[in-house]
Amino acid sequence: MTEQNHDPDSGRLIVQGADRPGIVASVSGALTEFGANIVWLDQSSSDPVGGRFFQRTEFRLPGLSGRLDELDKALQTRLGDELGLEFRLVEARRRKRVAIMVSKTDHCLLDLLWRQRRGELQMDVPMVISNHPDLGDEVRGFGIPFFHVPVENGDKTAAEKEQLNLLKGNVDLVVLARYMQILSGDFLTDVGVPVINIHHSFLPAFMGAGPYQRAKERGVKLVGATAHYVTEDLDEGPIIEQDVVRVSHRETVRELQRQGADVERLVLSRAVGWHCEDRVIRDGNTTVVF
């Protein structure tokens, strides 16, 4: 599902709202009136009677950048005012600016940076922020600024203030690549952009320290990971992606950790990639992923 689109005339239209007849026709009609060619369209309804409607459309419109405001106004009339729908109109070539926050564990961070450098993720990484200095040299090796913002004496307020000074207005997304600090509700409100987190899927059965040791002691048969949007309710935000691998009694705790790290890398890169391609629509505490 990963795409790399450098065409300046390519756009995306994301629509959601109460389902009703005529939505697809209105979207298509509005784009057609502007001379746009629809190249991909995917849609879903939670229930055709009284349900929620979701649609992601990719289109090509010559001179899109100069006509974006005009098209947005037309869509507001057709979709917003007449049908009561929410929508987002974006230029596909504009890559998301993604800040990564990390502590000491490097596997998710380095995987994202490697995929971004290879062109597998449609994003730019303007900064990596960490509460520890350990990964600074590796991050700088990718040509990316690294900021060490320690949590001094447990004072998260001061650390979050410094983090917000770095992030606000400079990024479109924050990714917690095994950042081992709980973000406050004030931070999540003030940062002004979505935040994606990754964790192992043993939660809530094996919360806290040593989850793989306790999972081994319980004889788990699956190791997995979950990527989700962060909310004030810890680890209960809308889920974007999950995956698992089967394990058995033969694996040691270290082998369980290695397999868990493999799944975490894959799940997080999928979630970040889909978000950056505007494939994820949030609806309450759930998501629709096209």
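Residues numbered from 1 in each chain as written. Predicted model: local features only at pLDDT ≥ 70, side-chain atom pairs only at ≥ 80, totals over all residues. Heavy atoms only, no water.

Draft legend 1. View of the nonpolar core. Ranked by internal contacts, the top residues of the largest apolar core, which has 32 residues, are I100, L109, L112, M123, V128, L268 and V272. Within the residue set of this core, elements represented by two or more residues are β5 (96-102), α3 (107-117), β9 (173-176), β10 (195-200), β11 (222-229) and α8 (253-276). Top element by residues in this core is α8. It accounts for seven residues. In this view, V128 contacts I100, V102, L109, V139, I144, P145, F146 and F147; residues no more than four positions away in its chain are not counted. (Core = buried A, V, L, I, M, F, W, Y, C linked by side-chain atoms within 4.5 Å. Buried < 20%, exposed > 50% of the residue type's maximum accessible area, 1.4 Å probe, protein only. Helix = DSSP H or I, 4+ residues; strand = E, 2+ residues; numbered from the N terminus. Contact = heavy atoms within 4.5 Å.)

Draft legend 2. Structural context of the pattern of salt bridges. For the coordinates displayed, the defined rule picks out 22 salt bridges. Across the pair D278 and K96 runs a salt bridge whose closest N-O atoms are separated by 3.1 Å. With D278 in the loop between α8 and β13 (280-283) and K96 in strand β5, this pair connects stretches of sequence that are 182 residues apart. With relative accessibility at 3%, the residue D278 sits in the buried group. The residue R178 makes a salt bridge to E264 at a minimum N-O spacing of 3.1 Å. Pair noted here: R178 is in the loop between β9 and α6 (185-191) and E264 is in helix α8, with a separation of 86 residues, a long-range link. Ionic contacts of the salt-bridge type, sharing partners, join the residues R12, R88, K96 and D278 into one network. (Salt bridge = Lys/Arg side-chain N within 4 Å of Asp/Glu carboxyl O.)

Draft legend 3. Here's a closer look at the sheet that holds strand β1 (residues 10-18). With respect to topology, four strands assemble into an open sheet ordered β2-β3-β1-β4, the strand pairing being antiparallel. Pairing within the sheet leaves two strands with one partner each, and these edge strands are β2 (37-45) and β4 (86-91). For this sheet, the mean angle separating the axes of adjacent strands, direction not counted, is 10 degrees. As paired strands, β2 and strand β3 (residues 52-60) are joined by eight bridges and run antiparallel to one another. Counted as the bridge partner of S45 is F53 from β3. Packed on one face of the sheet, helix α2 (residues 64-81) meets β1, β3 and β4 and runs near 170 degrees to β4. (Pairing = 2+ DSSP bridges. Axes fitted to C-alpha atoms, helices over the stretch in contact; angles between N-to-C directions.)

Draft legend 4. Representation of unusual backbone geometry. Unusually for a residue other than glycine, N153 sits at a positive phi of about 55 degrees. With respect to the secondary-structure elements, N153 resides in the loop between β8 (146-148) and α5 (156-167). A positive phi angle, close to 60 degrees, is found at D278, a residue other than glycine.

Draft legend 5. The arrangement of α8 in detail. Over its 24 residues, α8 extends 34 Å from the first C-alpha to the last, a length consistent with the 34 Å expected when each residue adds 1.5 Å. Looking one or two residues past α8, D278 carries a phi angle of roughly 60 degrees, positive in sign. (Expected span 1.5 Å × (residues − 1).)

Draft legend 6. Representation of helix α1 (residues 23-33) within the structure. All buried positions along α1 are accounted for by I23, S26, V27, A30 and L31. In a view along the axis of α1, the buried residues occupy a sector of 125 degrees, so they form one face of it. Away from its buried face, by an angle of more than 90 degrees, α1 presents the exposed residues A25, T32 and E33. Taken together, the buried residues of α1 touch β1, β2, β3 and α2. Among the residues trailing α1, G35 stands out with phi positive, at a value near 85 degrees. (Arc of directions from axis to C-beta.)

Draft legend 7. Main features of a negative patch on the surface. On the surface, D186, D190, E232, D233 and E236 cluster together into a patch of negative charge. You can see E236 is positioned in the loop between β11 and β12 (239-246). (Patch = residues over 30% accessible without salt bridge, like charges linked within 9 Å, V, L, I, M, F, W, Y side chains within 5 Å. Areas by Shrake-Rupley, 256 points an atom, 1.4 Å probe, with all protein chains shown as cover. Lys, Arg positive; Asp, Glu negative; His and termini not counted. Charge placed at Lys NZ, Arg CZ, Asp CG, Glu CD.)

Draft legend 8. Main features of the packing of α1 against α2. Two elements in contact, α1 and α2, have axes separated by 10 Å at closest approach and are oriented at 150 degrees. Taken together, the axes of α1 and α2 lie roughly antiparallel to each other. The way α1 lies across α2 gives a crossing that is right-handed. The residues of α2 that touch α1, namely those facing A25, S26, V27, G29, A30, L31 and E33, are L71, L75, R78 and L79. (Parallel < 35°, antiparallel > 145°, perpendicular 65-115°, else oblique. Left-handed = near helix turned anticlockwise from the far one by under 90°.)

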